[in-house]
Amino acid sequence: MRLIAHRGCADQYPENTVAAVRQSARYADAIEVDVRRCGSGELVAFHDERVDRLTDAEGRVADLPWDRLGDLEVLDSGETVPRLRAVLDAVPEGVRVQVELKETGLAADVRDAVAGVDREVAVSSFDETALAAVRDLEWDVPTGFLFESDPEANLATALELGCDAVHPHYDCCLETDVVDAAHAAGLDVIAWKALETREEFAALREVDVDGATADRWDIAPTSKAAPAASD
C-alpha cells in the first residue's frame, strides 16, 4: 500500500511548503498538495480558504495578491506560502505528485503548471465540476474523486467523470464494500483521513486499499532508507 504524504506530512512539517515536500519525499511514495488561486491569479499551494489558521495574517486566499501572500510565514516555520510550480519543482524524481483542486476554474492552469515538470502527476478533488473540467480538457492525467460517504452513488459519479481512482474516507473503506466495488470497476482506491498511527495504516492495508494519505511517514513500513537519528 502506497504512503501518500498528506500536505507533505502535515504533522511533521509545515504543510504545503517546499520544505515539507522535500523532507517527506525522502520517505513517501507520493506527495499530496492542495492548490488554490490567489487574488492576483497565481496558483498557490494552500489548503484552507483563509490564511488565518496557518499564518499571522487574516483573509481569504482568493482576496490576497501574490506579493502579499508569498511573504506569509506558515506556522512560524520560516517557510512561506509557495506557488504551485515551486512545490512541483521540489518533488524529487521517482515520487508522484497528487494535486488536489480546492476550487473550480483551475484545471487549465494546473495543466500548464505541470507541463514542464518531469514527474508523474495525478489530480484529485471533492468537486465534480473541477474534475469535469479536467476531463473536458482532454488532458491525459490520472484523476480521482474524493468523497466521505454514500459510496455507491459516488463510485458511479467517479465512473461518469472518467476517473482512474476513488478517494473514499477511511471509515467508508472499513465499513462498506467500496474497496471491492471500486476494484471490480477497474479503479484504484486511495483512502483519505490524514493517518497518524500504525494501526490506521494496517487497517487499510488489511482491506486491500491501494494507497492512503498520511500526516506522518513513520507509521508505515517503507522500502526507502530509514531516517537518521537527527531527523
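Definitions and limits used
- Residue indices begin from 1 for each chain and proceed along its sequence in written order.
- pLDDT decides what is reported in this predicted model: residues at 70 or higher carry local features, side-chain atom pairs at 80 or more are listed and counted, and totals for whole chains, interfaces and linings draw on all residues regardless.
- Side-chain metrics in this entry use all non-hydrogen atoms of the structure; hydrogen atoms and water are not considered.
- We count a stretch as a helix when DSSP gives it H or I for four or more residues in a row; a strand needs E for two or more, and each element gets its number in order from the N terminus.
- Only C-alpha atoms enter the radius of gyration; for comparison, a globular chain is expected to reach 2.2 Å times N to the power 0.38, where N is the number of residues.
- Each residue is assigned to one of three classes by its accessible area relative to the maximum for its type, calculated with a 1.4 Å probe on protein chains only: buried under 20%, partly exposed between the two thresholds, exposed over 50%.
- Here a residue-residue contact requires only that any non-hydrogen atoms of the pair lie within 4.5 Å.
- Salt bridges are counted wherever a side-chain nitrogen of Lys or Arg sits within 4 Å of a carboxyl oxygen of Asp or Glu.
- Aromatic rings from Phe, Tyr and Trp, taking only the six-membered ring of Trp, are treated as a pair when their centres fall within 6.5 Å; an angle between ring planes under 30 degrees marks them as stacked, one over 60 as edge-to-face, and anything in between as tilted.
- The arc in question is traced by the directions running from the helix axis to the C-beta atoms.
- In the analysis that follows, any N or O atom pair within 3.5 Å is treated as a polar contact, provided that within protein one partner can donate a hydrogen and the other can accept it, and provided that, for residues neighboring in sequence, both atoms belong to side chains.

(A) Highlighting the overall build of the chain. Along its length, the chain carries 9 helices and 9 strands. The C-alpha atoms of the chain give a radius of gyration of 17 Å, which matches the 17 Å a tight globule of 231 residues would have. Reported as C-alpha extents along the three principal axes, the dimensions of the chain are approximately 50 × 45 × 30 Å. Here the chain holds 231 residues, and 50% of them are scored as buried. Partitioning the contacts of the chain with sequence separation of at least 6, the portion at a separation of at least 24 is 54%.

(B) Spotlight on the pattern of salt bridges. Taken as a whole and judged by the stated rule, the model has 19 salt bridges. Salt-bridge contacts for Arg-36 lead to Glu-103; the nearest nitrogen and oxygen are separated by 3.3 Å. On the criterion of sequence distance, the pair formed by Arg-36 in strand S2 (residues 30–37) and Glu-103 in the loop between strand S4 (96–101) and helix H4 (107–115) is long-range, its members being 67 residues apart. Among the charged side chains, a network of salt bridges with common partners joins Arg-7, Glu-15, Asp-34, Asp-48 and Arg-53.

(C) Structural detail: unusual backbone geometry. Residues other than glycine seldom take positive phi values, yet Asp-76 does so here, at roughly 55°. Looking at the element boundaries, Asp-76 is found in the loop between helix H2 (66–69) and helix H3 (84–90). A positive phi is found at Ala-194, a non-glycine position, where the angle reads about 60°. Its location among the elements puts Ala-194 in strand S8 (residues 188–195).

(D) How the structure looks around the packing of aromatic side chains. Summed over all chains, the structure comprises 3 aromatic pairs. Judged by centre distance (3.8 Å) and plane angle (25°), the ring pair of Tyr-27 and Trp-217 falls under stacked. Taken as a pair, Tyr-27 in the loop between helix H1 (18–24) and S2 and Trp-217 in the segment after strand S9 (211–214) lie far apart in primary sequence, 190 residues in all. Residue classification places Tyr-27 among the buried residues on the basis of a relative accessible area of 3%. Between Phe-126 and Trp-192, the ring centres sit 5.3 Å apart and the planes meet at 85°, which makes this aromatic pair edge-to-face. You can see Phe-126 sitting in the loop between strand S5 (121–125) and helix H5 (128–136) and its partner Trp-192 sitting in strand S8, a full 66 residues away along the chain.

(E) Representation of helix H9 (residues 198–206). Looking only at H9, the buried set comprises Glu-200, Phe-201 and Leu-204. Down the axis of H9, the buried side of the element spans an arc of 100°, and every buried residue falls inside it. Turned more than 90 degrees off the buried face of H9, the exposed positions are Arg-198, Glu-199 and Glu-206. Packing partners of the buried residues in H9 comprise strand S1 (2–6), helix H7 (170–175), S8 and S9.

(F) Layout of H5. When H5 is considered as a whole, its buried residues turn out to be Ala-130, Leu-131, Ala-132 and Val-134. Elements in contact with the buried residues of H5: S4, H4, S5 and strand S6 (143–147). One side-chain oxygen at the N-terminal end of H5 lies 2.8 Å from the backbone nitrogen of Thr-129; it belongs to Asp-127.

(G) Looking closely at the environment of Glu-199. By the secondary structure assignment, Glu-199 is in helix H9. Measuring from C-alpha to C-alpha, the distance between Glu-199 and Ala-220 comes to 9.3 Å, with 21 residues separating the pair along the chain.

(H) Molecular detail of the environment of Thr-55. The residue Thr-55 is located in the loop between strand S3 (43–45) and H2 in this model. Along the primary structure Thr-55 and Phe-147 are separated by 92 residues, whereas in three dimensions their C-alpha atoms are 28 Å apart. A polar contact is formed between the side chain of Thr-55 and the backbone nitrogen of Ala-57, at a distance of 3.1 Å.

These figures capture arrangement, not role.
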